Amino acid sequence: GAVAALSVERPRLAGTNNVFDSFPNVNLAPGDEACAEAETVPGATAAVRVHAEGGGAIALELTERGRRLASGRRPAGWADGDVDVPVRPVVDRTRGDVTLCFTNEGLRTLTLWGYGAADERRTVVEGEPTDQRIRLSYVRPGRESAWDVIGAVAGRMGVGRGEGLAGWAFYGWLAALAGLLAATAAAVLRGRA
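This section reports on the structure supplied with the text. (Residues numbered from 1 in each chain as written. Predicted model: local features only at pLDDT ≥ 70, side-chain atom pairs only at ≥ 80, totals over all residues. Heavy atoms only, no water.)

### Focus: the overall build of the protein
Across its full length, the protein holds three helices and 13 strands. Counting only residues that meet the buried cut, the protein has 38% of its 193 residues in that class. Here the contacts in the protein between residues at least 6 apart in sequence split such that 77% fall between residues at least 24 apart. About 10,900 Å² of surface is accessible on the protein, with carbon and sulfur atoms providing 56% of the total. (Helix = DSSP H or I, 4+ residues; strand = E, 2+ residues; numbered from the N terminus. Buried < 20%, exposed > 50% of the residue type's maximum accessible area, 1.4 Å probe, protein only. Contact = heavy atoms within 4.5 Å. Areas by Shrake-Rupley, 256 points an atom, 1.4 Å probe, with all protein chains shown as cover.)

Next comes the structure, spelled out in structure tokens:
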């Protein structure tokens, strides 16, 4: 079961803005625009994922200091939940201080999810600052399984564990898991005997 679960290919996540999709907090009437300001967009971003309700067309524009980086559109017909809005061109490198503006091109209210945050990175709706932030995830081109990122996971598990364990923490964890499985199998076999 674990091998099958780790083999499932999914869109390649590049990062998030560390905002949780806790509740519906930004409502856009048809034609309205909501802008998330001062965001950091990872390099190789090919789509922006937002948790939304409404099902109508969504337009998106990414700008950095007034200059357009990328734009895209998701046509109507998507189901409520996580929605990927593809952007072109793919963002070439990690960019800071990016403004992402979503426009509701549908016929019904578009609702974006996030939570309240009274800081400088809040959402601006129709030119008016709010005390809300929306959840943003950045997706790279293509798909990958957990097997494709196992090397990166191994490297990151060793970070902050001292030089002696740096790259070995992951392999130590694997050895402990294998030992646990072997001990469980031995106990089951002894119980049958």
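From this point, the narrative continues.
### Here we look at the state of the cysteines
Taken as a whole, this structure holds one disulfide when the rule is applied. Shown here is the disulfide that connects Cys-35 with Cys-101, its sulfur atoms set 2.0 Å apart. Residues Cys-35 and Cys-101 share a disulfide whose torsion about the S-S bond is about 110 degrees; that sign makes it right-handed. Taken together, the residues span a long stretch of sequence, with Cys-35 in strand β3 (residues 33-41) and Cys-101 in strand β8 (residues 95-104) at a distance of 66 residues. Each member of the pair Cys-35 and Cys-101 is classed as buried. (Disulfide = S-S within 2.5 Å.)

### Focus on the environment of Val-87
Relative to the helices and strands, Val-87 is located in the loop between β7 (81-86) and β8. Expressed as a C-alpha distance, the spacing of Val-87 and Ser-71, which sit 16 residues apart in the sequence, is 4.9 Å. Ignoring sequence-local partners within four residues, the contact set of Val-87 consists of Thr-45, Ala-46, Ala-47, Leu-60, Leu-62, Ala-70, Ser-71 and Gly-72.

### Considering the pattern of salt bridges
By the definition in use, this model includes six salt bridges. For Arg-95, the salt bridge is made with Glu-64, and the minimal N-O distance between the two is 2.9 Å. A residue pair is termed long-range when its members are at least 10 positions apart, and Arg-95 in strand β8 and Glu-64 in strand β5 (residues 58-64) qualify at 31 residues. Residue classification places Arg-95 among the buried positions, given a relative accessible area of 8%. With a shortest N-O distance of 3.0 Å, Asp-92 and Arg-95 are connected by a salt bridge. When its relative accessible area of 56% is taken as the criterion, Asp-92 is described as exposed. (Salt bridge = Lys/Arg side-chain N within 4 Å of Asp/Glu carboxyl O.)

### Quick notes on the nonpolar core
Among the nonpolar cores identified, the biggest contains 27 residues, and Leu-60, Leu-62, Leu-100, Phe-102, Leu-112 and Leu-136 are the most heavily contacted of them. Non-local contacts of Phe-102, meaning those with residues more than four positions away in its chain, are made with Leu-28, Asp-32, Glu-33, Ala-34, Val-48, Val-50, Ile-58, Ala-59, Leu-60, Ile-134 and Leu-136. (Core = buried A, V, L, I, M, F, W, Y, C linked by side-chain atoms within 4.5 Å.)

### So, the sheet that holds strand β6 (residues 67-74)
Ordered by their spatial adjacency, six strands build an open sheet running β6-β5-β8-β3-β10-β11, and the pairing between neighbours is antiparallel. Two strands in the sheet have a free side with no partner beyond their single neighbour: β6 and β11 (128-129). (Pairing = 2+ DSSP bridges.)

### Quick look at the pairing of β6
In this sheet, β6 lies alongside β5 in antiparallel orientation, the contact comprising seven bridges. Residue pairing in the sheet places Ala-59 in a bridge with Arg-73 of β6. The loop that links β5 with its antiparallel partner β6 comprises two residues; one of these, Arg-65, has a positive phi angle of about 50 degrees.

### Some thoughts on the environment of Val-125
Tracing the chain through its elements places Val-125 in strand β10 (residues 123-125). Val-125 gets classed as buried once you look at its relative accessible area, which sits at 17%. Taking the C-alpha atoms as reference points, Val-125 and Glu-33, 92 residues apart in sequence, are found 5.9 Å from one another.

### Points about a nonpolar patch on the surface
Residues Tyr-171, Trp-173, Leu-174, Leu-177, Leu-180 and Leu-181 make up a contiguous nonpolar surface patch of roughly 610 Å² in combined accessible area. With a relative accessible area of 46%, Trp-173 lands in the partly exposed category. (Patch = residues over 30% accessible without salt bridge, like charges linked within 9 Å, V, L, I, M, F, W, Y side chains within 5 Å.)

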